[in-house]
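Working through the structure, step by step
Okay, here's what each chain looks like letter by letter:
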Amino acid sequence: MTTTLITVLGRPGKDASGQYRRASYAFANGKKTEPLAFFGWALNELIRPDRMVIIGTSGSAWDHLVEGDLDLGDSGLLDREALIDASSRKSVTQDHLDKLSPYLSKTLGCSVELKIIPHAQNEHQQIAILELLAKWLGDNETVHIDVTHGFRHLPMILLLAALYLRRIKNAHIEKVWYAAFDPDTNEAPVLDLSGLLRLAEGLQAVSSYDADGNYSVFIPILEQSGVPSDIIDALRQGAYYENILNVGAATAQLRRVNSGLQSIALNPEMELLYPLIQERMQWVNEDKQFQKITRLARGAFERRDYLRAILYAYESVITRICQQQKVDINDFDGREQARTEYQDQIKRSPEIRSRYELLKNLRNQVAHGTRGSKREVQQALLNEEKMHTVIDGLIRDIENGRLP
């Protein structure tokens, strides 16, 4: 798998001698570099990537690449002079950079690509940077992103780019690097911002769950956070069982997940995300099976997942009927007999019978995908606003004990 380092070249200030300001970069392991003006060189030495993509605007310090930290010897003197002249006028072009890339590649021992990006002064230019990075990056690459240099708004764009590349190019974002210069010490402690990226992905997963109700969207963030595989497997199984409406099996698996996550030390981003995940599993703590199913019906309704809301609502009613008649809910014949007896009982209660029949007919129609023979069912199926009102009312009936 190709490893690529994407790093930004800014335009640092110059010291009294006219040289670009240098700093000693201090890594978390205690190692410090010799004073450098461009952090990208230190990362290249540490990571040893297959490719190094240096991005900057036409006014970035491109001249530093040929007369600063690196010694290129006599290679490409004319091309270097042209670049230095253009850099002094902040008018470097892609043609200047393409001529310089071979010299840097030979010196560093990896493929070096120099790329001009827009100044990101408006939304079009900001989006263009994401599109360019996706164009320059291959599929399935391991990627390090350095956001140290450049305009102060570029780190925000590059963090977003990391999310974009992960989705569009299936990139594995290994690290997001930032070196924070301290003018008092002339050192720059090196920070790893990858946790922020994982947090952003976790929040995306929460939004995805709120849209479709599938717990499996949390699996990638749990894996990246080092959560043990048995907990992740339990979440995967719980998501599957809930998806096929097997509430009992889903309950057992999701309780394992909650118990497991409570018993291990979570990294900072998971500490922040876990309460959000736990909140979406609260239904497993209900005492009765029909109460769990009712909570699931309400959750599906709030996501406007009407099919699942109706199926769960009807199943909640049948489950409670079975409980009242002390029938095993897994006994199909017993369930049918309990349902039949309940229907006979409510013949003497027109209002309850009407509500139950509405729920049953809705369930039958959405399960079979047909239009419906009852007028109220037809109205609901043909109008979302009407459907929303009807399902909300039926679930409220169940929650308040009016059904069954």
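Residues numbered from 1 in each chain as written. Predicted model: local features only at pLDDT ≥ 70, side-chain atom pairs only at ≥ 80, totals over all residues. Heavy atoms only, no water.

Let us look at the packing of helix α12 (residues 289-302) against helix α17 (residues 384-399). The geometry of α12 relative to α17 is characterised by a closest axis approach of 10 Å and an angle of 160 degrees between their N-to-C directions. Here α17 runs roughly antiparallel to α12, going by the angle between their axes. Seen along the crossing, α12 lies across α17 with a hand that is left-handed. Between α12 and α17, the residues in contact are Thr-294, Ala-297, Arg-298 and Phe-301 and His-388, Ile-391, Asp-392, Ile-395, Arg-396, Ile-398 and Glu-399, respectively. The residue inventory of the contact of α12 with α17, partitioned by class, reads five nonpolar, two polar and four charged. (Axes fitted to C-alpha atoms, helices over the stretch in contact; angles between N-to-C directions. Helix = DSSP H or I, 4+ residues; strand = E, 2+ residues; numbered from the N terminus. Parallel < 35°, antiparallel > 145°, perpendicular 65-115°, else oblique. Left-handed = near helix turned anticlockwise from the far one by under 90°. Contact = heavy atoms within 4.5 Å. Nonpolar A, V, L, I, M, F, W, Y, C, P; charged D, E, K, R; others polar.)

Turning our eyes to something else, we now look at the environment of Gln-204. Summarising the element assignment, Gln-204 is placed in helix α7 (residues 194-212). Distance in space between the C-alpha atoms of Gln-204 and Phe-218 is 9.4 Å, their sequence separation being 14 residues.

Before going further, it helps to spend a moment on the sheet that holds strand β7 (residues 187-192). The mixed open sheet is built from seven strands, whose spatial order is β2-β7-β6-β5-β1-β3-β4. This sheet does not close on itself; its edge strands, each paired only once, are β2 (24-26) and β4 (111-116). Neighbour to neighbour, the strand axes of the sheet diverge by 20 degrees on average, direction disregarded. In this structure, strand β6 (residues 172-179) lies alongside β7, joined through three bridges in antiparallel fashion. By the bridge assignment, Ala-179 is partnered in β7 with Val-190. (Pairing = 2+ DSSP bridges.)

Now for the packing of aromatic side chains. Two aromatic rings, taken as a pair, are described by how far apart their centres are and by the angle between their planes. Per the stated rule, a full pass over the model turns up nine aromatic pairs. Ring centres of Phe-38 and Trp-41 lie 5.0 Å apart, and the angle between their planes is 85 degrees; on these two criteria the pair is classed as edge-to-face. Among the residues examined, Phe-38 registers a relative accessible area of 1% and is labelled buried. Look at Tyr-209 and Tyr-215: their rings are 4.9 Å apart centre to centre, the planes differ by 25 degrees, and that puts the pair in the stacked class. Chaining the aromatic ring pairs together yields one cluster made of Tyr-25, Phe-27, Phe-39 and Trp-177. Stacked on the ring of Phe-181, the Lys or Arg Arg-21 has its end atom at 4.5 Å from the ring centre. Across the ring face of Tyr-209, the terminal group of Arg-303 is positioned such that the distance to the ring centre comes to 5.9 Å. (Phe/Tyr/Trp six-rings, centres within 6.5 Å; stacked < 30°, edge-to-face > 60°. Buried < 20%, exposed > 50% of the residue type's maximum accessible area, 1.4 Å probe, protein only. Lys NZ or Arg CZ within 6 Å of the ring centre and 35° of its normal.)

Helix length check: helix α13 (residues 306-324), at 19 residues, gives a terminal C-alpha distance of 27 Å against a target of 27 Å (1.5 Å per residue), a fit within 8%. Directly after α13, the chain includes Lys-326, whose backbone phi takes a positive value near 55 degrees. (Expected span 1.5 Å × (residues − 1).)

Because an α-helix completes one turn every 3.6 residues, residues spaced three or four positions apart along the sequence face the same direction. With 14 residues, helix α14 (residues 332-345) extends 20 Å between its outermost C-alpha atoms, agreeing within 8% with the 20 Å of an ideal straight helix rising 1.5 Å per residue. Inspection of α14 places Gly-334, Arg-335, Ala-338, Arg-339, Tyr-342 and Gln-343 among the buried residues, and these make up the whole buried set. Its side-chain oxygen 3.3 Å from the backbone nitrogen of Asp-333, Asp-331 forms the N-cap of α14. (Polar contact = N/O pair within 3.5 Å; in protein donor to acceptor, adjacent residues only side chain to side chain.)

To continue, consider the pattern of salt bridges. Across all of its chains, the model carries 27 salt bridges by this definition. For the salt bridge of Glu-45 with Arg-48, the shortest nitrogen-to-oxygen distance reads 2.8 Å. A salt bridge links Arg-198 to Glu-269; the shortest N-O distance between them is 2.4 Å. Note that Arg-198 is positioned in helix α7 and Glu-269 in helix α11 (residues 268-279), a separation of 71 residues in sequence. Relative accessible area serves as the criterion here: at 22%, Arg-198 is assigned to the partly exposed category. When its relative accessible area of 7% is taken as the criterion, Glu-269 is described as buried. Residues joined by salt bridges that share partners form a network here, namely Arg-298, Asp-392, Arg-396 and Glu-399. (Salt bridge = Lys/Arg side-chain N within 4 Å of Asp/Glu carboxyl O.)

Once that is clear, we can look at the confidence of the model for the protein. Mean pLDDT over the protein stands at 92; residues scoring 70 or higher make up 98%. The element-level mean pLDDT for the protein is lowest in helix α2 (residues 64-67), coming to 85, with strand β1 (residues 3-8) highest at 98. (pLDDT = per-residue confidence, 0-100.)

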